[in-house]
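The residues making up each chain are set out below.
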Amino acid sequence: MLLSRLARVSQEVAAASARSRKITLLAELFRDTGADEVPIVIPYLAGRLPQGRLGVGWKALSRPVTPAAEPTLTVREVDALLSRLGEVSGPGSQAERARLVGELLGAATADEQRFLSGLLTGEVRQGALDAVAVEGLARATETPPADVRRAVMLAGSLQTVAGALLADGPAALERFRLTVGRPVLPMLAHSASSVAEAVGKLGACAVEEKLDGIRVQVHRDGGTVRVHTRTLDDITDRLPEVTAAARELPGERFILDGEVISFGEDGRPRSFQETAGRVGSRVDVATAAREVPVSPVFFDALSVDGRDLLDLPFAERHAELARLVPEPLRVRRTAVSGPEDLGAAEEFLAETLERGHEGVVVKGLDAPYSAGRRGASWLKVKPVHTLDLVVLAAEWGHGRRTGKLSNLHLGARTADGGFAMLGKTFKGMTDAMLAWQTERLRELAVDESGYVVTVRPELVVEIAYDGLQRSPRYPAGVTLRFARVVRYREDKRPEEADTVEALLAAHPGVRP
DNA sequence: TTCCGACAGTGGGGTCGCAAT
DNA sequence: ATTGCGACCCCACTATCGGAA
């Protein structure tokens, strides 16, 4: 198949607004795809590369290359070249990668270049990624979409399922069962604004502490232990403590879901930055493990001794977990019978925060494990802080925000009467707010020459955030975690905005 | 007919590791 | 030694479509 056909379909998919139309377009293309091209074409149209990431980003693609006049590239040729590109390493590798990228783009037409750039930078923007491609695949192979979806969750990969399905038909899905040693996409949580809201929705539930660390899925098959992240990357080698803990459990074959976190000598959790830095260290793991030891803390069991537990109610899965894992290695939790028992849930949240954790996750007791989905039966509740800050500048948006000032630079007042930038945010704005702020900020602009528009510091905005963290980048030495806009405060003058001093006082645990 | 679940999009900060400077 | 870049960790929120209620 020619790459030009893929690029054209991708453009048509982007132009279609109805999801059903997107699915039809994808299904038509998948029907015309040869069995050996399937593992390439399907991920490409789901916005991903079969090779994973390649070390080629926005920068490497920014140099313009004269496009080819006629489309000649086949998808197999593109795949072969990208595979070679992914294997380049060592000194001189950046130049060699740039050369290969140039070779690829030079053989592509302008339309193909656009498609390839989007693919390599992970910005396909056709309004159809994995989930829509799964629907298209299901239609092309006349397989129930739910069956395909489930197989993808269990395989942890779209292209594996696509290859099997197009080669052997719907019967091939039988092969994708929960298997110890093969990671499955983890279940995710929705947010709730309060424990009352969460308990109101779920009724009888468990309230569990939410640890601010790294999500892990731990597989043990006899003497072999593997540890995977939320995106199913294998991080076993970086976490010897987790491997050791899994080997000591009284079971030979299991899959557990949990969090890895580092506790200080006082028993309190270290900051997310410290835990993440430790888990990110790959070169000298022994030293990193001595300085910042981590512990696994489990909250779910997906498989125990060959039994697939995914479809069991959470209450039963947790009973299995409790049989296998001793209490210190499980997250703290409390059982709540329903809204009439709200006091117990709120007390548990307060205690959890007191112990230095992030918040709680409220979980319905009868829900199955919805692998790969953001199940409505897990609701996280975290405290939210707010500040009144001043807009110092704004950046022009991309994609559907093109032509709108989107990303705000936020400042707090300093002792000398100026403002210190605390970070940026593009979150929380409605389309109406985007339109309004574009107009208002242009009135306040002092420099509109670049992609950052600097403004007079006069507009006050209420910002919600999850906490303060140390920053090497911003002048106050701290930055806001997950800042988002709540509303504009035109009733407030910049002199009434919050100060850096007050912010630091509100977060005594964080120092610049 | 209205409501709501699932998805895609729009980017945020930090840290690590590698290659280039 | 320092800097720039890419990969992954963590993530909030809105708009939209289409099936459920």
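Chain A is annotated in an unreviewed UniProt entry as Probable DNA ligase of Streptomyces prasinosporus. We quote the UniProt Catalytic activity (unreviewed entry) comment for chain A here in full: "ATP + (deoxyribonucleotide)n-3'-hydroxyl + 5'-phospho-(deoxyribonucleotide)m = (deoxyribonucleotide)n+m + AMP + diphosphate."

Q: I tried to follow helix 12 (residues 272–280) on my own but got confused; where do I start?
A: An α-helix turns once every 3.6 residues. As a result, residues three or four positions apart point the same way. Thr 275, Arg 278 and Val 279 are the residues of helix 12 that are buried. Burial along helix 12 is one-sided: seen end-on, the buried residues are contained in an arc of 95°. In the core, the buried residues of helix 12 are packed alongside strand 3 (214–221), helix 11 (240–248), strand 5 (253–261) and helix 13 (285–291).

Q: Help me out: how do you make sense of the protein's contact with DNA strand C in this one?
A: For DNA strand C, the set of nearby residues contains 32 residues, the closest of which are Ser 20, Gly 55, Lys 210, Thr 231 and Arg 484. Among the atoms of DNA strand C lying within 4 Å of the protein, the sugar-phosphate backbone contributes 91%. Within the backbone of Arg 19, one N or O atom sits 2.9 Å away from a phosphate oxygen of DNA strand C. Contact distances for DNA strand C include 2.6 Å between a phosphate oxygen and a side-chain N or O atom of Arg 484. Of all the secondary structure elements, the ones that give two or more residues to the surface near DNA strand C are helix 2 (19–31) and strand 3.

Q: How should I be thinking about the UniProt feature "active site" (unreviewed entry) in chain A in this particular structure?
A: Mapped onto this numbering, the UniProt entry annotates "active site" (unreviewed entry) at Lys 210. With respect to the helices and strands, Lys 210 occurs in strand 2 (residues 205–210). Here Lys 210 falls in the buried class, since its relative accessible area comes to 18%. Once you skip the residues sitting within four places of it in the chain, Lys 210 turns out to touch His 357, Glu 358, Gly 359, Val 360, Val 361, Lys 380 and Lys 382.

Q: Any chance you could explain the sheet that holds strand 2 here in plain terms?
A: The strands that make up a sheet pair up through hydrogen bonds in the backbone, lying either parallel or antiparallel. The five strands are arranged 1-10-9-2-8 in an open sheet whose pairing can be described as mixed. The open sheet is flanked by strand 1 (188–191) and strand 8 (333–336), the only strands paired with a single partner. Across the sheet, the axes of successive neighbouring strands diverge by a mean angle of 35°, strand direction being ignored. Two strands pair when backbone bridges link them, and strand 9 (residues 359–364) and strand 10 (residues 374–381) are joined in this way by four bridges, in the antiparallel orientation. Directly across from Val 362, in strand 10, lies its bridge partner Leu 379. Across the sheet, helix 10 (residues 195–202) touches strand 2, strand 8, strand 9 and strand 10, and the angle it forms with strand 10 is around 150°.

Q: Would you mind going over the sheet that holds strand 6 (residues 295–304) with me for this structure?
A: Spatially, the five strands line up as an open sheet ordered 4-3-5-6-7, and their pairing is antiparallel. In this open sheet, the two edge strands, each paired with only one partner strand, are strand 4 (224–228) and strand 7 (307–308). Looking at chain direction, strand 6 and strand 7 are connected through two bridges and run antiparallel. Bridging across to strand 7, Val 304 finds its partner in Arg 307. Packed onto the sheet, helix 12 meets strand 3 and strand 5 and runs at close to 40° relative to strand 3.

Calculation notes
Residues numbered from 1 in each chain as written. Chains lettered and ligands numbered in written order. Predicted model: local features only at pLDDT ≥ 70, side-chain atom pairs only at ≥ 80, totals over all residues. Heavy atoms only, no water. UniProt positions renumbered as here; feature names shortened; annotations may be inferred. Buried < 20%, exposed > 50% of the residue type's maximum accessible area, 1.4 Å probe, protein only. Helix = DSSP H or I, 4+ residues; strand = E, 2+ residues; numbered from the N terminus. Arc of directions from axis to C-beta. Contact = heavy atoms within 4.5 Å. Near = heavy atom within 4 Å. Polar contact = N/O pair within 3.5 Å; in protein donor to acceptor, adjacent residues only side chain to side chain. Pairing = 2+ DSSP bridges. Axes fitted to C-alpha atoms, helices over the stretch in contact; angles between N-to-C directions.

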